[in-house]
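# Reading the structure
Chain residues, written in single-letter form:
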Amino acid sequence: MFMALISVSKTHSSLEESEFPNKYSKTSEMADSLWEDREVRFDIPLHQMKMRPGEKILDKLDYVEDTKGNGGDKGRLVITNLRIMWHSHSMPRINLSIGYSCIVTAATKTVNSQLRGVTEALHILTKSNNTRFEFIFTNLIPENSRHFTSVMGVHKAYTSSRMYRELKLRGAIIHNKQLNILPLEQVYTTVPGVWNLSSDQGNLGTFVITNVRLVWFADMNENFNISLPYLQIMHVKIRESKFGPALVVECAEGGGGYVLGFRIDPKEKLQSVHKELLSLQKVYGQMPLFGVQFKVGEQSEPCAELPSMVENIQEFDDTKDELSNAFVAYFVDSGHKKDREPVYSPELGLAIEKLKDGFTIQSLWEVLPSSQM
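Conventions used here
- Residues numbered from 1 in each chain as written.
- Predicted model: local features only at pLDDT ≥ 70, side-chain atom pairs only at ≥ 80, totals over all residues.
- Heavy atoms only, no water.
- Helix = DSSP H or I, 4+ residues; strand = E, 2+ residues; numbered from the N terminus.
- Buried < 20%, exposed > 50% of the residue type's maximum accessible area, 1.4 Å probe, protein only.
- Contact = heavy atoms within 4.5 Å.
- Areas by Shrake-Rupley, 256 points an atom, 1.4 Å probe, with all protein chains shown as cover.
- Expected span 1.5 Å × (residues − 1).
- Arc of directions from axis to C-beta.
- Phe/Tyr/Trp six-rings, centres within 6.5 Å; stacked < 30°, edge-to-face > 60°.
- pLDDT = per-residue confidence, 0-100.
- Pairing = 2+ DSSP bridges.
- Axes fitted to C-alpha atoms, helices over the stretch in contact; angles between N-to-C directions.
- Core = buried A, V, L, I, M, F, W, Y, C linked by side-chain atoms within 4.5 Å.
- Salt bridge = Lys/Arg side-chain N within 4 Å of Asp/Glu carboxyl O.

If you tally the helices and strands in the chain, you get six helices and 20 strands. By the burial criterion, 47% of the 373 residues in the chain qualify as buried. Intrachain contacts of the chain at a sequence separation of at least 6 include 60% that bridge at least 24 residues. Element-wise, carbon and sulfur atoms account for 51% of the exposed surface of the chain, whose accessible area totals about 19,100 Å².

Structure below.
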């Protein structure tokens, strides 16, 4: 079955594992190095705040308070097609990077801001590396709700464009033997007579090659298909298999690390398809198309390619564990129904709520960990 090849590891593929090198080429490292939309990071160095290829600033707002972790501090909210960033105006090294893939919910919430008092704020609940964080952003400009509309609108556009970025099996992507085209997609080549080498007899189908992905579907059952974005492709090679010369597509580790085999006859057509896929993958790697489309309404100023904070700021050391406790303020105490019992703190000389496991009074008050001092 087609699903059998998709679900097995490289070591159990019908193609020889020794035929594939372990190192990834520069143009194919992107899938596993892409972290901007997949992680929540705190106080990142300057170079990580710059736009990666394909990342674009869709909106930016000054005078936004990080009410949860930096109350009373004015900052800038930067909204890209992959993430939300916030940085302090007074100290840009105090910053946040929130990937859209980590967002669980985004809604409004009534909060007590140090700079605006009781007001409506943007509340974002996230989950990253099995840890839940919450963020609250307050727009300091009265009657301005653009931070709501922009963040929610871009996040919705991100979640509705997953086909640009994720491998999809047996999806509703084919209708009457025609590919359902994505909004920014262009079909370059359709190749009939492509055998999927997932079983002893193989399955005959068709390749559709576009500017963002490689699609294969079975001729006898169009629901028997795979949509593979170039973002998830590590290698495209021609290798010998028990079926003869085969086009081998190796997927990124983050997408499952699968090895897919296809046979195309005659050999000249196989070479042509291989060359075209290599060319398209290289072009895509230089300027990826993530598929997130959003137009900001009532925008008073054009979005710069980079926020001004990256200008005239000396790069600071990317020291491991520096500001390691910055994330503590953003923890979500999941399942919290009542306060923990009070205990006596000898350090403070008074009763306090019992700390969560793994935390001490010293670690909560430190700006830099003791090991760095």
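For the rest of this paragraph, the subject is helix H4 (residues 146-159). Counted at 1.5 Å a residue, the expected span for H4 with its 14 residues is 20 Å, and the 20 Å between its end C-alpha atoms agrees. Taken together, the buried positions of H4 are Arg146, His147, Phe148, Ser150, Val151, Val154, His155, Ala157 and Tyr158. Of the surrounding secondary structure, the elements contacted by the buried residues of H4 are strand S2 (57-66), strand S3 (74-80), strand S4 (83-88), strand S6 (103-113), strand S7 (117-128) and strand S8 (131-139).

All right, on to helix H5 (residues 267-286) then. Helix length check: H5 (20 residues) gives 29 Å between terminal C-alpha atoms against 28 Å at 1.5 Å per residue, within 8%. Of the residues making up H5, those classed as buried are Leu270, Val273, His274, Leu277, Leu280, Gln281 and Tyr284. Down the axis of H5, the smallest arc covering the buried residues is 135°, so these residues share one side. The exposed residues of H5 that point more than 90 degrees off its buried face are Glu268, Lys275, Val283 and Gln286.

Locating tyrosine 63 in the fold gives a position in strand S2. Accessibility expressed as a relative area gives 43% for tyrosine 63, which makes it partly exposed. C-alpha separation for the pair tyrosine 63 and lysine 74, spaced eleven residues apart in sequence, amounts to 5.4 Å. With residues up to four places along the chain from it excluded, the contact list for tyrosine 63 reads Lys74, Gly75, His89, Thr138, Asn139, Leu140 and Ile141.

Before going further, it helps to spend a moment on the packing of aromatic side chains. All chains considered together, the criterion is met by seven aromatic pairs. Look at tryptophan 216 and phenylalanine 262: their rings are 6.5 Å apart centre to centre, the planes differ by 45°, and that puts the pair in the tilted class. Of this pair, tryptophan 216 sits in strand S14 (residues 213-218) while phenylalanine 262 sits in strand S18 (residues 259-264), and the two are 46 residues apart along the sequence. The pair tryptophan 216 / phenylalanine 262 is uniform in exposure class, with both members buried.

A separate point is unusual backbone geometry. Omega for the bond connecting aspartate 265 with proline 266 falls within 30 degrees of zero, at -5°, which places this linkage in the cis form. Mapping proline 266 onto the fold places it in the loop between S18 and H5. The backbone phi angle of aspartate 43 is positive, close to 50°, even though this residue is not glycine. One can find aspartate 43 in the loop between strand S1 (40-42) and helix H3 (46-49). The phi dihedral of asparagine 130 falls on the positive side, at around 65°, and the residue is not glycine.

This paragraph deals with the confidence of the model for the chain. On average, residues of the chain score 81 in pLDDT, and 76% of them reach the 70 mark or higher. Per-element confidence in the chain is highest for S14, whose mean pLDDT is 97, and lowest for helix H1 (residues 2-7), whose mean pLDDT is 38. Low pLDDT (under 50) marks residues 1-27, which in the prediction has 61 contacts with non-local residues, meaning those over four places away or in another chain. Scored below 50 in pLDDT, residues 367-373 makes eleven contacts in the model with residues more than four places away or belonging to other chains.

Turning our eyes to something else, we now look at the sheet that holds strand S15 (residues 225-229). Strand order in this open sheet of eight strands is S9-S15-S14-S13-S12-S18-S17-S16, and the pairing throughout is antiparallel. A strand with exactly one partner marks an edge of an open sheet, and here the two such strands are strand S9 (168-169) and strand S16 (233-241). Contacts between H5 and the sheet are confined to strand S12 (187-196), strand S13 (203-210), S14, S16, strand S17 (244-251) and S18, with S16 contributing the most and set at about 165° to the helix.

So, on to the nonpolar core. In this structure, Phe207, Ile209, Trp216, Leu247, Phe262, Val273 and Leu277 are the most contacted members of the largest nonpolar core, which totals 31 residues. Among the elements of the structure, S12, S13, S14, S15, S16, S17, S18 and H5 are those that each provide at least two residues to this core. Phe42, Leu58, Leu122 and Val154 belong to the second-largest nonpolar core, a separate cluster that totals 26 residues.

This brings us to the sheet that holds S2. Spatial ordering of the open sheet is given by S1-S5-S4-S3-S2-S8-S7-S6, a layout of eight strands whose pairing is antiparallel. Two strands in the sheet have a free side with no partner beyond their single neighbour: S1 and S6. Neighbour-to-neighbour, the strand axes of this sheet turn through a mean angle of 30°, independent of strand direction. Here S4 runs beside strand S5 (residues 95-99); their pairing, made up of five bridges, is antiparallel. Within S5, the residue paired with histidine 87 across the bridge is asparagine 95. Contacts from H4 reach S2, S3, S4, S6, S7 and S8, with the element oriented near 20° to S7.

On to the pattern of salt bridges, then. Applying the stated criterion across every chain yields a total of ten salt bridges. Residue glutamate 36 is joined to arginine 52 by a salt bridge in which the shortest nitrogen-to-oxygen separation is 3.0 Å. Highlighted residues: glutamate 36 in the loop between helix H2 (30-33) and S1 and arginine 52 in the loop between H3 and S2, separated in sequence by 16 residues. One salt bridge in this structure joins arginine 41 and glutamate 39, with 2.7 Å as the shortest N-O distance.

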